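Observations on the three-dimensional arrangement
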Amino acid sequence: MALAKGSEETMLIGIAASPGIAIGKALILTEAVFAGEKSEVNGDQQQAFQEALEQSKQEIILLRQQVSQQTGEEAASVFDAHLLMLEDTSYVDPIREAIGQGADAVSAVQATMQQLVDLFRNMEDEYMRERAADITDISRRLIRNLTGSTAVDWGAIAEPVIVVAHDLTPSDTAQLDPSLVLGFAAESGGRTSHSAILARTLGIPAVVGTKALLSKIKDGQLVIVDGDTGNIVIDPDADTVMQFRQKAAAAAQVRAELALLKDQAAVTIDGCCVELAANIGGPRDIAPALANGAEAIGLYRTEFLFMDHEAAPTEEEQYQAYKAALEGMQGRAVVIRTLDVGGDKQIAYLDMPKEDNPFLGWRAVRMCLDRPELFKVQLRALWRAGCHGNLKVMFPMVSNLAEVKQAKHLLFQAREELLAEDRPVARKLQIGIMIELPAAALIVDQLASEVDFFSIGSNDLIQYTVGVDRMNENIAHLYQPLHPGVLRLIAMVIDAAHRQDKSVGMCGEMAGDLTCIPLLLGLGLDEFSMSAGSIPQAKKLIQSLSATECSKVAAKCLAAGEADEVRKQLAVLA
Ligand code: PEP
Ligand code: MG
């Protein structure tokens, strides 16, 4: 969207991908080599491709080392995925086949790239859609190595700039020098694209997904990139520059203040201490979790490991991933949720039937209990990984006591199998369940005898309590975390669990919502698990609250008739 403002300046709105404000001259990167322009590659095309493949692998290994030293393991791990892709038969074989049928190597790479990019871009899951950028990245590298053309030469940038491009590949982003690149703006990409993740790790403000950006901006033009709001201002006037400079200074001050809280506990002014944990999708999210002061991992969504693969990940692959997360957390608790697929998360190789109501269907623990051969692999990997840290296992979408008993039965069967094979296993794993269904919330007193802890999955609990599909934008206004019905269920869960000395966390979005935190604190929630970036502000808020006051207000909220009334009650604490 372009908003004309004043005579010259143009404001565009994209997706805020990495926080901070950058003001500087635009350096536009064009994509001549990759936009279909063909360069001849002489000689045997299969051999040329093989050589380019080897050279690309070597480059990626070097780049990984370099990024690991300069930026850290989190950023470097992006390149592990690239190495895996270069060895993946579903990428390499079609290229070889196309060459075998007479295509030149460059066209074969371009055609395969296009096919896979189209496939990924059409996937429903945002994370998978953005893997298209990784395929583009490795394909471009292969083409460069086939044609002998050069990549962007960052060394040639003489003064600090704002890099503007259609898309910035992870390789390009990783090589940005934060002292020369003030910020970046791209036409494509989303918040979870690897380029965005790298920009956050490098601390470079970035806005992505800005439609028509390249048609509005010229090389060398002054530009403002606001990575907090997603705004881009092209050719700003002096007043606008001044406003953004002031905003940047204020934001930098807030960030510096929040960073000081990193190693502090989340304790209220009257001494009530809660745990702030992070939600992760895999081991590469551990570094930002720690950097933001996470005391634990409250939810490891293992389904991403399954989505990243073409077949179910093996026991060894799962073990390595869980072990890496546990080792990264250095003894702090890591709650690993067993496979939660179905609903909006479909995995082709699992052959799940098409259902009329997938959210009420064969999903999560229901499917796992019916497919013990699949479930056991994960349970075995969990027992083995448990030797490397403080692992807690958690079952999703539990609706009754029998499911918990069956899941535990399979869990202990997996342990027995491993012991019989003389494999090292954890001595004990804490066992928890998610409370996502009203039926489960209502029988927490019964479920408590079977588990060590509970974690409220508010994302699903709200949709099932209010009867509102969490994906349907037409009824989004009815999806109300502060609906008194939802609050009463949460209060019941916490009270019933506490009566049996079981702890209660929350790992849905509500736990990181600054409006809801005082209320949840007042209801007695023990652990708040959220995206890592939300932790510092949540901690600051908790440190400013009185738990006694919060519980008085929470009691009033429970007596309210509607969400607006709850909101009014909470305003007293703001
Ligand atoms: C939830 O339902 O609150 C939850 C954390 O699980 P997911 O969002 O993965 O369904
Ligand atoms: Mg859920």
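Computed from a predicted structure; not experimentally measured.

**Describing the site of ligand 1**
Around ligand 1 sit 13 residues, and of these R301, R337, G457, N459 and R470 come closest. Within the backbone of S458, one N or O atom sits 3.1 Å away from an oxygen atom of ligand 1. For the shell around ligand 1, the secondary-structure elements that each account for two or more residues are β12 (296-301) and α20 (458-466). Of the residues forming the shell around ligand 1, the biggest block, three residues, is contributed by α20. Residues of the shell around ligand 1, tallied by class, amount to three nonpolar, four polar and six charged.

**A short note on the pattern of salt bridges**
According to the stated counting rule, one finds 22 salt bridges in the structure shown. Between D226 and K247 there is a salt bridge whose closest N-O contact spans 2.6 Å. In this pair, D226 sits in strand β8 (residues 222-226) while K247 sits in helix α11 (residues 238-260), placing the two residues 21 residues apart along the sequence. Taking the relative accessible area as the measure of exposure, D226 reaches 0% and is therefore buried. Overlapping salt bridges, with partners in common, bring together E315, E316, K376, R380, R384, E417, E421 and R423 in one network.

**As for unusual backbone geometry**
For D351, which is not glycine, the phi torsion reads 50° and is therefore positive. Take D351: it is sitting in the loop between β13 (333-337) and α15 (364-370). Phi at M397 takes a positive value of approximately 60°, unusual for a residue other than glycine. Mapped onto the elements, M397 comes out in the loop between β14 (390-395) and α17 (401-420). Note on M397: relative accessible area 1%, which makes it buried.

**A few points about the side chain of D460**
Among the secondary structure elements, D460 is positioned in helix α20. Under the relative-accessibility criterion, D460 is labelled buried at 3%. If near-sequence neighbours (up to four positions away) are discounted, D460 is found in contact with R363, E436 and R470.

**Describing the domain arrangement of the chain**
Under the domain assignment used here, the chain contains domain 1 (10-31 + 152-258), domain 2 (34-147) and domain 3 (260-573). Once you take the C-alpha centre of each, domain 2 and domain 3 turn out to be 37 Å apart.

**Notes on the packing of aromatic side chains**
As enumerated under the stated definition, the model contains three aromatic pairs in all. Relative to F395, the ring of F375 lies with its centre 6.2 Å away and its plane at 70°, an arrangement referred to as edge-to-face. Here F375 is found in helix α16 (residues 372-385), whereas its partner F395 is found in strand β14, with 20 residues between them in sequence. Across the pair, F395 and F375 agree in class, each one buried. Measuring from centroid to centroid gives 5.9 Å for W383 and F412, while their planes differ by 50°, and the two rings are tilted. Placement of W383 in helix α16 and of F412 in helix α17 is noted, with a sequence separation of 29 residues between them. Over the ring of Y319 we find R384; its NZ or CZ atom is 4.1 Å from the centre of that ring. Across the ring face of F453, the terminal group of K392 is positioned such that the distance to the ring centre comes to 5.5 Å.

What counts and what doesn't
Residues numbered from 1 in each chain as written. Chains lettered and ligands numbered in written order. Predicted model: local features only at pLDDT ≥ 70, side-chain atom pairs only at ≥ 80, totals over all residues. Heavy atoms only, no water. Near = heavy atom within 4 Å. Polar contact = N/O pair within 3.5 Å; in protein donor to acceptor, adjacent residues only side chain to side chain. Helix = DSSP H or I, 4+ residues; strand = E, 2+ residues; numbered from the N terminus. Nonpolar A, V, L, I, M, F, W, Y, C, P; charged D, E, K, R; others polar. Salt bridge = Lys/Arg side-chain N within 4 Å of Asp/Glu carboxyl O. Buried < 20%, exposed > 50% of the residue type's maximum accessible area, 1.4 Å probe, protein only. Contact = heavy atoms within 4.5 Å. Domains from an automatic or database assignment. Phe/Tyr/Trp six-rings, centres within 6.5 Å; stacked < 30°, edge-to-face > 60°. Lys NZ or Arg CZ within 6 Å of the ring centre and 35° of its normal.

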